[in-house]
Amino acid sequence: MSKLLEMKNITKRFPGVIANDNINFSLEKGNVHSLLGENGAGKSTLMSVLSGLYKQDEGEIYIKGEKNNFKSPNDAIKNGIGMVYQHFMLIPRLTVIENIILGIKQEKEPLINEKKAAREIQEIADKYGMDIDPYAKVWQLSVGEQQRVEIIKALYRGAEILILDEPTAVLTPQEIEELFNMVEQLLKEDKGIIFISHKIEEVRNISDKITVLREGKKIGTVDATAKKKKLAQMMVGREVVFTVDKDNVSFGKEVLKLENIEAQNNKGLKAIDKVSFEVHKGEIYGIAGVDGNGQSELIEVIAGLRKADNGSVKFLNEDITNQEPRSILRKGVAHIPEDRQVCGLVMDMDIKENMVMQDYHEAPHCNGSFLDWNYISKHTNDLINQYNIKAPSEKEEARNLSGGNQQKLILARELHREPELLLAMHPTRGLDVGAIEYVHEKLLEARKEGRAILFVSTELDEIMNISDRMAVIYEGKIMGEVKPEEVTKEEVGLMMAGTKKEELK
Amino acid sequence: MENILNLIQNLLIADFRTATPILLAGIGLIYMYRAGIVNIGVEGTMLIGAFAGSYGAYIFNNVWMGILVAGIVGGIVGAIFAFLIITIKADQIVTGVAINILAIGLTTTLNRILFGVNTSPPEIPSIGKISLPYLSEIPFIGRLLFNQLSMVYLALLLVPITYYIFYKTTIGLKIRAVGDHPKAADTAGVNVFKVRYWTTIFGSMLAGIGGAFLSTGILSFFTEDMVAGRGFIALAAVIFGNWNPWGVLGASLLFGFGDAIQIRIQAMGSNIPYQFLIMVPYLLTITALAGLVGKVNPPKASAEPYIKEE
């Protein structure tokens with residue numbers, strides 16, 4: 001077997017951090033070599049060096065045995081590196097053809113031969129069993145289709161080494177299977193694949209070799225047969241418990257009841273279509289589904305942030321449909337918003353300011369129009385200790401906290417009010433394993449205390465582990481309500497792709 | 001009946017003339033805007049172009065040399081703007097305002113030094129009319145479309161050319177990509193900085209030439225602050241025209257019509273104070289933009305510097 005790629009002693013520093021510390025990595029023809037590690041472990045940095053986006057401070061890259069340090073993305077592309085970014089590098093306004101040929105010299109430069117390009121794109125698509133319309137605008141495509149465009153884009157440029165950065169994060173189980181089939185095809189053609197992920201199970205399924213990174217350092221390279229536990233330990237640096245201990249709690253009275261809710265998205269299209277369900281005291285009710293199927297709009301309607309066109313939201317038997325957000329929150333609803341950096345926190349404000357974002361206008365946080373900073377600081381410090389937020393002081397800006405500590409700050413702010421209902425939207429998204437454990441623990445604690453929890457997640461394993469009951473949402477409609485222990489992952493996957501529960505068997 | 005038709009024809013002929021500087025600057029702005037650059041300094045660039053064009057024509061005693069000088073000087077102003085906003089990453093709006101203020105001071109000072117104060121303007125060659133044989137004899141549209149100042153034809157020709165460049169060539173594809181998602185363009189191997197530099201320089205050249213048309217086509221001398229907001233109107237025309245050359249042509253003609261009509265009404269000796277009439281094109285601009293709010297779809301990376309991590 002011959003080495004397609006060798007990266008030797010790669011070091012990459014950013015101001016204040018060493019993102020990659022003396023890392024070695026190699027790839028052989030027809031192999032999948034995975035990079036496993038938590039967020040911020042340095043996987044993406046290493047691959048950005050390989051794809052020419054970053055320049056390494058030290059170390060060398062060898063392509064097929066020849067030394068080749070890339071000066072630009074173009075340079076890397078010419079040498080057969082194809083990168084499929086986690087956040088697709090596609091321009092929504094442009095067509096598939098335009099996105100694929102962008103930056104490539106045309107035969108009759110600068111004239112574009114659209115027909116020829118379309119033909120070539122179709123050939124690649126057919127060869128690997130992908131279905132794509134070259135003339136479609138990218139914004140009209142589903143996430144899975146966009147990923148296909150990215151892969152075709154790399155292949156069109158003659159990629160021999162394909163880097164897939166967290167490719168499964170946005171896909172349904174069925175789409176993941178299609179992706180894996182395509183990977184098999186590519187391997188048959190002697191291409192090499194670098195697969196980046198933090199999901200241990202799927203990495204073990206697809207890889208030949210696995211390299212684990214942690215905090216910018218290479219922990220080791222192992223065969224794919226390595227035990228899950230061992231990989232997790234390499235990744236996190238300590239032992240990890242995978243199962244969530246869930247006590248049996250009996251449900252109490254109905255806390256939240258939705259009836260035939262309909263609402264529109266920001267484009268004015270119907271995003272929620274006749275959604276009904278109820279959540280009880282002491283229950284975690286999960287909403288599963290691929291991102292962008294109406295989850296955001298649904299939570300916003302309940303929190304009063306979006307107008308419901310039809311139907312009703314009842315909280316403890318009181319109709320709260322289309323009330324002001326503050327009045328809903330003050331009745332005993334707490335909200336962990338979907339994006340902690342955009343709508344959960346004000347990143348430029350410090351911890352204490354963020355902590356009293358909801359209560360600042362009420363005694364004891366203020367005296368009339370004046371804030372009582374002494375009280376607020378003390379109150380914040382109590383919560384910092386109680387929720388184990390790692391920060392130098394309550395005066396630290398939210399921006400400087402790690403993702404996990406930002407989420408803890410939000411949890412502290414929302415849970416200390418002892419809400420009757422907690423709306424938790426992607427509360428573990430982008431967190432590392434340790435922080436995820438913590439969030440789960442807190443959610444289960446809240447459940448034990450008898451709070452009703454509406455839990456939205458796109459991670460199938462997580463939602464099936466945590467929820468007492470769950471609904472699967474697809475294009476704004478509920479495909480069915482199930483108990484996690486009564487269905488298989490595949491069944492839920494089918495529902496996420498638009499199959500109704502009744503049609504399953 | 002004949003009179004009304006005559007009046008409309010004259011109005012439209014004047015419209016094409018008053019629309020031309022807006023169209024030239026507007027086309028220039030499309031190149032920049034589509035690459036993600038919002039250059040409100042186009043007002044100042046036009047003013048500098050107006051002066052450079054007038055002075056160039058005077059020195060070389062040839063109006064086309066004047067236009068060439070205006071283009072070059074406009075390009076230099078564009079290069080300075082590009083350096084500030086692309087390389088130094090200064091705020092585009094603030095830098096644009098600075099260019100506008102600089103332009104007023106610079107042209108006023110140079111005008112007084114080079115042409116003197118309180119003297120009647122010197123004889124400067126100006127752009128002539130070109131009558132296209134046969135075509136100009138077609139009733140009504142003949143005089144309208146084929147008996148115009150030569151620069152009007154050039155400006156009109158730029159519309160289909162720009163459309164072709166934007167949608168049929170890799171140059172246009174790169175520009176559109178850079179304005180919407182510079183990082184995606186970068187990873188696809190497009191040199192974002194180069195694209196932004198050249199679009200800014202080329203766009204500013206067109207703005208300079210648009211300014212020169214004011215001082216060598218519509219008038220044949222330079223007056224202080226003679227652009228009088230046409231740069232801003234061009235910016236409005238780009239938004240109104242949805243960043244599309246044909247749309248910008250339509251918007252320029254609409255705004256030019258306002259200008260043309262206000263001159264006519266003034267000349268007729270109307271009782272309405274002329275200050276109100278001067279407002280017409282600006283009112284049209286505001287109304288057009290207000291009616292359009294919510295439907296515009298600007299390039300996604302407008303006015304954002306591209307910061308490349310290395």
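Residues numbered from 1 in each chain as written. Chains lettered and ligands numbered in written order. Predicted model: local features only at pLDDT ≥ 70, side-chain atom pairs only at ≥ 80, totals over all residues. Heavy atoms only, no water.

Novice: Go over the overall build of chain A, please, and point to the residues and values.
Specialist: Counting secondary structure elements, chain A contains 17 helices and 22 strands. Over its C-alpha trace chain A gives a radius of gyration of 25 Å, about what one expects of a compact globule, namely 23 Å for 505 residues. Along the longest, intermediate and shortest principal axes, the C-alpha atoms of chain A span 70 × 50 × 45 Å. Taking all contacts inside chain A whose residues are at least 6 apart in sequence as the whole, residues at least 24 apart take part in 66%. (Helix = DSSP H or I, 4+ residues; strand = E, 2+ residues; numbered from the N terminus. Rg over C-alpha atoms; globule rule 2.2 N^0.38 Å. Contact = heavy atoms within 4.5 Å.)

Novice: Account for the overall build of chain B, with residues named and values stated.
Specialist: If you tally the helices and strands in chain B, you get twelve helices and two strands. Counting helices and strands in the order they occur from the N terminus, chain B gives α-α-α-α-β-α-β-α-α-α-α-α-α-α. Rg of the C-alpha trace for chain B: 20 Å, near the compact-globule value of 19 Å for 310 residues, within the 12% margin. Along the first, second and third principal axes, the C-alpha atoms of chain B reach 65 × 45 × 40 Å. Burial statistics for chain B: of 310 residues in total, 51% are counted as buried. Partitioning the contacts of chain B with sequence separation of at least 6, the portion at a separation of at least 24 is 76%. Taken as a whole, chain B presents about 13,700 Å² of accessible surface, with 69% of it coming from carbon and sulfur. Measuring between centres, the 17 positive side-chain charges of chain B sit 7 Å from its 14 negative side-chain charges. (Buried < 20%, exposed > 50% of the residue type's maximum accessible area, 1.4 Å probe, protein only. Areas by Shrake-Rupley, 256 points an atom, 1.4 Å probe, with all protein chains shown as cover. Lys, Arg positive; Asp, Glu negative; His and termini not counted. Charge placed at Lys NZ, Arg CZ, Asp CG, Glu CD.)

Novice: Which residues make up the interface of chain B and chain A, and what values do they have?
Specialist: Taken together, the 26 residues of chain B in the interface contact 27 residues of chain A. At the junction of chain B with chain A, the criterion picks out two salt bridges. Between Glu 98 of chain A and Arg 176 of chain B there is a salt bridge; the shortest N-O distance is 2.7 Å. Where chain B touches chain A, the interface holds nine residue pairs in polar contact (both at pLDDT 80 or more). Listing elements by their share of the side of chain B that touches chain A, those giving two or more residues are helix H6 (150-168), helix H7 (170-180) and helix H8 (182-187) of chain B. (Salt bridge = Lys/Arg side-chain N within 4 Å of Asp/Glu carboxyl O. Polar contact = N/O pair within 3.5 Å; in protein donor to acceptor, adjacent residues only side chain to side chain.)

Novice: Give me a nonpolar patch on the surface: which residues, what numbers.
Specialist: Residues and elements named next belong to chain B. A contiguous nonpolar patch, built from Ile 4, Leu 5, Ile 8, Leu 135, Ile 138, Phe 140 and Ile 141 and spanning about 550 Å² of accessible area, is present on the exposed surface. It is helix H1 (residues 2-34) that provides the largest number of residues to the nonpolar patch, a total of three residues. In this fold, Ile 141 is placed in helix H5 (residues 141-146). Classification of Ile 141 by relative accessible area gives partly exposed; the value is 37%. (Patch = residues over 30% accessible without salt bridge, like charges linked within 9 Å, V, L, I, M, F, W, Y side chains within 5 Å.)

Novice: Go over H6 of chain B, please, and point to the residues and values.
Specialist: Over its 19 residues, H6 of chain B runs 27 Å from end to end, which matches the ideal 27 Å to within 8%, given 1.5 Å per residue. The set of residues buried in H6 of chain B consists of Ser 150, Met 151, Val 152, Tyr 153, Ala 155, Leu 158, Val 159, Thr 162 and Phe 166 of chain B. (Expected span 1.5 Å × (residues − 1).)

Novice: Can you break down the packing of aromatic side chains residue by residue, with the values?
Specialist: Counting across every chain of the model gives 15 aromatic pairs over all chains. Ring geometry for Tyr 31 of chain B against Phe 202 of chain B: centres 5.0 Å apart, planes inclined by 85°, an arrangement best described as edge-to-face. Residue Tyr 31 of chain B is located in helix H1, and its partner Phe 202 of chain B is located in helix H9 (residues 192-218); the two are separated by 171 residues in the primary sequence. For the pair Tyr 55 of chain B and Tyr 58 of chain B, a centre-to-centre distance of 6.3 Å together with 45° between the ring planes defines the contact as tilted. Note that Tyr 55 of chain B and Tyr 58 of chain B are positioned in helix H2 (residues 42-60) at a spacing of three residues, about one turn of the helix. A relative accessible area of 25% means that Tyr 55 of chain B is categorised as partly exposed. Within the aromatic cluster, the residues linked to one another by ring pairs are Phe 51, Tyr 55, Tyr 58, Phe 115 and Phe 222 of chain B. When the ring centre of Tyr 62 of chain A is taken as origin, the NZ or CZ atom of Lys 8 of chain A, which lies over that ring, is 4.7 Å away. Positioned over the ring face of Tyr 438 of chain A is Lys 408 of chain A, at 4.7 Å from the centre of the ring. (Phe/Tyr/Trp six-rings, centres within 6.5 Å; stacked < 30°, edge-to-face > 60°. Lys NZ or Arg CZ within 6 Å of the ring centre and 35° of its normal.)

Novice: Break down the sheet that holds strand S11 (residues 254-264) of chain A for me, with residues and values.
Specialist: In any sheet, the strands associate via hydrogen bonds between backbone groups, in a parallel or an antiparallel arrangement. Residues and elements named next belong to chain A. Across the sheet, which stays open at both edges, the four strands sit in the order S12-S11-S14-S15 with antiparallel pairing between neighbours. Each edge of the sheet is formed by a strand with only one pairing partner; in this case those strands are strand S12 (270-280) and strand S15 (318-319). Taken together, the six bridges between S11 and strand S14 (residues 308-315) define a ladder with antiparallel strand orientation. Across the sheet, residue Ala 263 finds its bridge partner in S14, namely Ala 308. Sheet strands in contact with helix H9 (residues 295-303) are S11, S12 and S14, and its direction is about 120° off that of S11. (Pairing = 2+ DSSP bridges. Axes fitted to C-alpha atoms, helices over the stretch in contact; angles between N-to-C directions.)

Novice: I'd like to hear about unusual backbone geometry, residue by residue, with values.
Specialist: Residue and element names in this part refer to chain A. Cis rather than trans, the peptide bond between Glu 109 and Pro 110 has omega equal to 0°. Within the fold, Pro 110 resides in the loop between helix H3 (96-101) and helix H4 (114-127). Cis peptide bonds are those with omega within 30 degrees of zero, and the linkage from Ala 363 to Pro 364 qualifies with 5°. Along the chain, Pro 364 turns up in the loop between helix H12 (351-355) and strand S17 (366-367). Positive phi, close to 70°, is recorded for Asp 190, a residue that is not glycine. Relative to the elements of secondary structure, Asp 190 occurs in the loop between helix H6 (173-188) and strand S8 (192-197). Even without being a glycine, Glu 475 presents a positive backbone phi close to 45°.

Novice: Any chance you could break down the confidence of the model for chain A for me, citing the residues and the numbers?
Specialist: For chain A, per-residue confidence averages 90 on the pLDDT scale, and 98% of positions sit at 70 or higher. Mean pLDDT across the elements of chain A ranges from a minimum in helix H8 (residues 228-236) of chain A, with 84, to a maximum in H3 of chain A, with 96. (pLDDT = per-residue confidence, 0-100.)

Novice: Can you explain the sheet that holds strand S16 (residues 333-336) of chain A? Please cite residues and give values.
Specialist: All names here are of chain A. Spatial strand order, S16-S19-S20-S13-S21-S22: six strands in an open sheet with mixed pairing. Strands at the two margins of the open sheet, each flanked by one partner only, are S16 and strand S22 (477-482). Taken over all neighbouring pairs, the strand axes of this sheet differ in orientation by 15° on average, direction set aside. Pairing of strand S13 (residues 284-288) with strand S21 (residues 469-474), which is carried by four bridges, proceeds in the parallel orientation. Pairing of Gly 286 across the sheet is with Met 470, part of S21. Against the sheet, H9 touches S13, S16, strand S19 (421-425), strand S20 (452-457) and S21, its axis set at about 155° to S19. Here helix H17 (residues 489-496) sits on the sheet and contacts S21 and S22; the angle it forms with S21, its principal contact strand, is near 35°.

Novice: Tell me what's going on with the pairing of strand S2 (residues 17-28) of chain A, and back it up with residues and numbers.
Specialist: Residue and element names in this part refer to chain A. Judged from the eight bridges that link them, strand S1 (residues 3-14) and S2 form a sheet pairing that is antiparallel. Directly across from Met 7, in S2, lies its bridge partner Phe 25. Hairpin connection, S1 to S2: the antiparallel pair is bridged by two residues, and Gly 16 has positive phi, about 90°.

Novice: How would you summarise a negative patch on the surface if you had to cite specific residues and measurements?
Specialist: Together, Glu 123, Asp 126, Asp 131 and Asp 133 of chain A give the surface a local cluster of negative charge. You can see Asp 126 of chain A is positioned in helix H4.

Novice: Before we move on, could you go through the nonpolar core and cite the residues and values that matter?
Specialist: Within the largest apolar cluster, 160 residues are counted, with the highest numbers of intra-cluster contacts made by Leu 5, Met 7, Met 47, Leu 50, Leu 162, Ile 194 and Leu 231 of chain A. Among the elements that line this core, the one with the most residues is H1 of chain B, at twelve residues. Ignoring anything within four residues of it in the chain, the contact list for Ile 194 of chain A reads Leu 5, Phe 25, Leu 27, His 33, Leu 35, Met 47, Leu 50, Ile 161, Leu 162, Ile 163 and Leu 164 of chain A. Membership of the second largest hydrophobic core comes to 44 residues, among which are Tyr 438, Met 479, Val 487 and Val 492 of chain A. (Core = buried A, V, L, I, M, F, W, Y, C linked by side-chain atoms within 4.5 Å.)

Novice: Residue-level account of helix H14 (residues 403-415) of chain A, with values.
Specialist: Residue and element names in this part refer to chain A. With 13 residues, H14 extends 18 Å from end C-alpha to end C-alpha; this agrees with the ideal 18 Å at 1.5 Å per step. Where burial is concerned, most of H14 is hidden: twelve out of the 13 residues are buried. Listed as buried for H14 are Gly 404, Asn 405, Gln 406, Gln 407, Lys 408, Leu 409, Ile 410, Leu 411, Ala 412, Arg 413, Glu 414 and Leu 415. Against S16, helix H11 (340-344), H12, helix H13 (373-386), S19 and helix H15 (433-448) lie the buried residues of H14.

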